[in-house]
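# What the coordinates show
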Amino acid sequence: MSAEYGGRTGLQGKLTQWLRAGRRPKETAGDGGREALLLAAAGAGLPLAPAAHPAGYRCSCERVGCPTPARHPVSFAWQTQSTTDRAQIERWARHQPQANFITATGMVHDVLDVPLDAGRSALERLLAAGVEVGPVAESDDGRMLFFTLTRGTPEDEDEWWPCELDCHPETMDEHPGLRWHCRGSYVLVPPARLPGEDQTVHWVRGPEHPLPDPLTLLETLTEACARYAGEDADHAGAAWPLRH
């Protein structure tokens, strides 16, 4: 369900060519392919819940001025609703054939969400260095999502790293660099459609890849974001998860 980047021989050149060309793995077409991809994500432990979908260039929620069209859950109870239960996801997918799905972060996994150009550069460096990178998705609105193990449910409750970026989506434009989605947050899970022509969220590396510790990716991602933003890398490191 996802494309691999080939063997070690000539890896650097192949990665550069692949990423710059903007290629993506071919995802199975049709409703059956959508359901299979959703079940694969759930099978990897990503808890899912239904989300809004595009209605032309607007959001299916019909909220006037929706700040994140087709990118948010349909239920306010999405955190408790999110599940990996195969039967429930099959029912949702078949009864809501247009729906996108979100995956709730901070339960099993976190997501490091970076600008697309920075993410492609970082992914190339990580794979060339032999770092174990987990599932990765691209969003055609200009973001790349790195799925990792969660650090949002430690034994010491004082160590929570709650993320407010998606709880208050109207503030998302204020965080153009690294966003760390952990406890209390969510992201769209592929396959998902965005408003606009042929705008999607799709896997670059599928959910069959084991989730890595986020700290193994963080330095490379923050450095890439710093270069992307034209800022000092130390300043970019300030995008660690938010705390109360």
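Scoring rules and cut-offs
- Residues numbered from 1 in each chain as written.
- Predicted model: local features only at pLDDT ≥ 70, side-chain atom pairs only at ≥ 80, totals over all residues.
- Heavy atoms only, no water.
- Pairing = 2+ DSSP bridges.
- Helix = DSSP H or I, 4+ residues; strand = E, 2+ residues; numbered from the N terminus.
- Contact = heavy atoms within 4.5 Å.
- Axes fitted to C-alpha atoms, helices over the stretch in contact; angles between N-to-C directions.
- Phe/Tyr/Trp six-rings, centres within 6.5 Å; stacked < 30°, edge-to-face > 60°.
- Buried < 20%, exposed > 50% of the residue type's maximum accessible area, 1.4 Å probe, protein only.
- Polar contact = N/O pair within 3.5 Å; in protein donor to acceptor, adjacent residues only side chain to side chain.

What follows deals with the sheet that holds strand 11 (residues 200–205). One open sheet accounts for six strands, arranged 8-5-7-6-11-10; its pairing is antiparallel. In this open sheet, the two edge strands, each paired with only one partner strand, are strand 8 (179–181) and strand 10 (192–193). Sheet contacts for helix 6 (residues 215–229): strand 5 (109–115), strand 7 (143–149) and strand 8; angle to strand 5, the most-contacted strand, approximately 20°.

Let us look at the packing of aromatic side chains. A complete count under the given rule lists three aromatic pairs for this structure. Ring geometry for W78 and Y186: centres 4.9 Å apart, planes at 75°, overall edge-to-face. Of the two residues, W78 is situated in helix 3 (residues 78–81) and Y186 in strand 9 (residues 186–188); the sequence distance between them amounts to 108 residues. We classify W78 as buried; its relative accessible area is 9%. By relative accessible area, which is 6% here, Y186 ends up buried. The interplanar angle of 55° and the centroid separation of 5.2 Å between the aromatic rings of F147 and W203 together place this pair among those described as tilted. Taken together, the positions of F147 in strand 7 and W203 in strand 11 put the pair 56 residues apart, joining distant regions of the chain. The pair F147 / W203 is uniform in exposure class, with both members buried.

Topologically, E35 is positioned in helix 2 (residues 30–43). Engagement of the side chain of E35 in a polar contact is seen with the side chain of R94, the distance being 2.7 Å. Contact partners of E35, with chain neighbours within four places excluded, come to E90, A93 and R94.

Looking now at unusual backbone geometry. Apart from glycine, the bulk of residues carry a negative phi angle, and the bulk of peptide bonds sit in the trans form. Following P190, the chain continues into P191 via a peptide bond in cis, with omega recorded as -5°. The phi torsion at A70 lies on the positive side, around 65°, for a residue other than glycine. Here A70 is to be found in the loop between strand 3 (58–59) and helix 3. Judged by relative accessible area, which is 0%, A70 ranks as buried.

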